[in-house]
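# Overview (structure and organization)
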Amino acid sequence: MRIKICNVILSAILLLVFTQGCVQQKTLESRQISVSILPQKYIVKALLGDSVKVNTMISLGDSPATYSPTHEQIKEVSVSSLYLKVGYLGFEQAWCDRFKELNGDLHLVDLSSGIELIREEDAVHGDHVHEGGVDPHTWTSPKTMKIIVQNTREALVQHYPELKGLIESNYILLVDSLNKMDSLFQESLDRLENKSFLIFHPAYTYLARDYGLEQISIEHKGKEPSVQWLQKIMNEAKMKNIRAIFIQKEFDKRSAEIISQELNIPVVTVNPLAEYWSGEMLQLLDKLENAIQ
């Protein structure tokens, strides 16, 4: 049953790509937009194919912890007519006002609108310093991703009304695949007795909230963990029979490897910034099931 559902989701994605390929499209200089991360590019391409040129700020392998726009990227923003921002990424708060000053015609859209945001007491969160301690990782849950997709659709229709038919038809296919993925996550994770997972940087806070999981972060208040904190985490991991440590490749693995050696469990790489969002999420579900059975 699980394999069948995954195949249905992947088939829907392939159908979406095929539909885009059947429509004669060309990239126009007047149709260039900028986005913050690769999962956003995935959404725009799913809705519009090659009808627009997409400039992505944080590219594959870039670390959000140290990111600042290159001269070429700033140049691309200066000729973009639309900027779709995640909402609370640290670099967005530092740069989006500057982008607007650079390009007075740039239309900024916050894709976090309508999402029940998770707020922390401390304004420092990992690689981010953001307003009110808002966790910015809104795209890492199928449930919140549906809201982001809806916001993207509305922004694109408003900005490119001549492409409304294409956007709306692709939106139906994309939402259908997201609904199937949401159901798959819900059913698969509901079956697990153990609901806790261990990760270096807390990138899946919305996923944990939406599907009844507990995310245990090695990183402590946005900083490298102390020896005392590492010992606390190891004791908790033993008690909860956690079988793996998740980490993004952009982060230093040393603390994760200390826990890995002590508990004899593997370090598993995850990539919430992957462009192929659907495929990455299905892989994540497999990794979660293996780590928290």
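Predicted, not measured: the structure shown is a model, and the values here were computed from it. (Residues numbered from 1 in each chain as written. Predicted model: local features only at pLDDT ≥ 70, side-chain atom pairs only at ≥ 80, totals over all residues. Heavy atoms only, no water.)

### Observations concerning the overall build of the chain
Heads up, the condition is: Starting at the N terminus, helices and strands are each numbered in turn, a helix being any DSSP run of H or I of at least four residues and a strand any DSSP run of E of at least two. When accessible area is computed with a 1.4 Å probe and restricted to protein chains, residues below 20% of their type maximum are described as buried, those above 50% as exposed, and intermediate ones as partly exposed. Residue contacts are counted whenever heavy atoms from the two residues lie within 4.5 Å of one another. The protein chains shown are the only cover counted for residues, whose accessible areas, like all others here, come from Shrake-Rupley with a 1.4 Å probe.
Of the regular secondary structure elements, the chain holds ten helices and ten strands. Expressed as a percentage of its 293 residues, the buried residues of the chain come to 56%. Contacts spanning at least 24 positions in sequence make up 67% of the contacts within the chain whose residues lie at least 6 apart. Carbon and sulfur atoms form 52% of the exposed surface of the chain, whose accessible area is close to 13300 Å².

### A short note on the sheet that holds strand β4 (residues 107-110)
So the rule is basically this: When DSSP locates at least two bridges between a pair of strands, those strands are taken to pair. Each axis is a line fitted through C-alpha atoms, and for a helix only the stretch in contact is used; angles between axes span 0 to 180 degrees, taken between their N-to-C directions.
Read from one edge of the open sheet, four strands run β2-β1-β3-β4, paired in parallel fashion. Of all the strands in the sheet, just β2 (53-56) and β4 have a single pairing partner and so form its edges. Each adjacent strand pair in this sheet contributes to an overall mean axis angle of 25 degrees, direction not counted. Strand direction decides the pairing type here: strand β1 (residues 32-35) and β2, joined by four bridges, are parallel. What sits directly across from I33, in β2, is V54.

### Topic: the pairing of strand β8 (residues 214-217)
What counts here: By definition, the crossover connecting two strands over a helix is right-handed if that path, from the first strand to the second, turns clockwise as seen with the strands pointing away from the viewer.
Where strand β7 (residues 196-199) and β8 come together, four bridges link them in parallel fashion. Residue pairing in the sheet places L198 in a bridge with I216 of β8. Considered for its hand, the β-α-β crossover made up of β7, helix α7 (residues 205-210) and β8 is right-handed.

### With respect to the pairing of strand β10 (residues 267-270)
Across a regular strand the side chains alternate sides, sitting on one face of the sheet and then on the other. The alternating pattern of β10 places V268 and V270 on a buried face and V267 and T269 on a face that is not buried. Where strand β9 (residues 245-248) and β10 come together, four bridges link them in parallel fashion. Of the residues in β10, the one forming a bridge with Q248 is V270. Considered for its hand, the β-α-β crossover made up of β9, helix α9 (residues 254-263) and β10 is right-handed.

### So, the nonpolar core
Test applied: Each nonpolar core is a collection of buried residues, namely Ala, Val, Leu, Ile, Met, Phe, Trp, Tyr and Cys, held together in the definition by side-chain atoms within 4.5 Å.
Counting 74 residues, the largest nonpolar core has I33, L84, W139, F197 and F246 as the members making the most contacts within it. Element by element, the count of residues in this core is highest for helix α6 (residues 164-190), at ten residues. The residues touching W139, leaving out its near neighbours within four places in the chain, are I37, P39, V86, L89, M145, I148, P272, L273 and W277. Residues I216, L230, A237 and I245 belong to the second largest nonpolar core, which totals 17 residues.

### Here's the deal with the confidence of the model for the chain
Definition in use: The predictor's confidence in any single residue is recorded as pLDDT, a number from 0 to 100.
Averaged over every residue, the pLDDT of the chain is 87; residues scoring 70 or more account for 85%. Here residues 17-27 scores under 50 on pLDDT; set against residues more than four positions off or in separate chains, the count is 20 contacts. Counting interchain partners and residues more than four positions distant, the pLDDT-below-50 stretch residues 123-131 has 35 contacts.

### Examining the packing of helix α3 (residues 71-78) against helix α4 (residues 90-102)
For clarity, the threshold we go by: Should an angle fall under 35 degrees it is taken as roughly parallel, and over 145 as roughly antiparallel, whereas 65 to 115 is taken as roughly perpendicular and any remaining angle as oblique. In this scheme the crossing of two helices becomes right-handed for a clockwise turn of the near helix relative to the far one and left-handed for an anticlockwise turn of less than a right angle. Gly is put with the polar residues, along with every residue not named as nonpolar or charged; the nonpolar set is Ala, Val, Leu, Ile, Met, Phe, Trp, Tyr, Cys and Pro, and the charged set is Asp, Glu, Lys and Arg.
Two elements in contact, α3 and α4, have axes whose closest approach is 9 Å; the angle formed by their N-to-C orientations is 60 degrees. Comparing their axes, α4 and α3 come out oblique. Every pair of crossing elements has a handedness; the one defined by α3 and α4 is right-handed. Counted together, I74, V77 and S78 of α3 and W95, F99 and L102 of α4 form the full contact between these two elements. When the residues that make up the contact of α3 with α4 are grouped by side-chain class, the tally is five nonpolar, one polar and no charged.

### So, unusual backbone geometry
At N241, a residue that is not glycine, the phi angle is positive and equals roughly 55 degrees. Of note, N241 is situated in the loop between α8 (227-239) and β9. Although it is not a glycine, N264 sits at a positive phi angle of roughly 60 degrees. On the secondary structure map, N264 appears in the loop between α9 and β10. In this structure N264 comes out as exposed when scored by relative accessible area, which is 68%.

### Considering the pattern of salt bridges
Heads up, the condition is: Salt bridges are counted wherever a side-chain nitrogen of Lys or Arg sits within 4 Å of a carboxyl oxygen of Asp or Glu.
Tallied over the full model, the rule gives twelve salt bridges. Salt-bridge contacts for D176 lead to K180; the nearest nitrogen and oxygen are separated by 2.6 Å. Here K180 and D176 lie together in helix α6, a separation of four residues that amounts to about one turn. The class for D176 is partly exposed, based on a relative accessible area of 33%.

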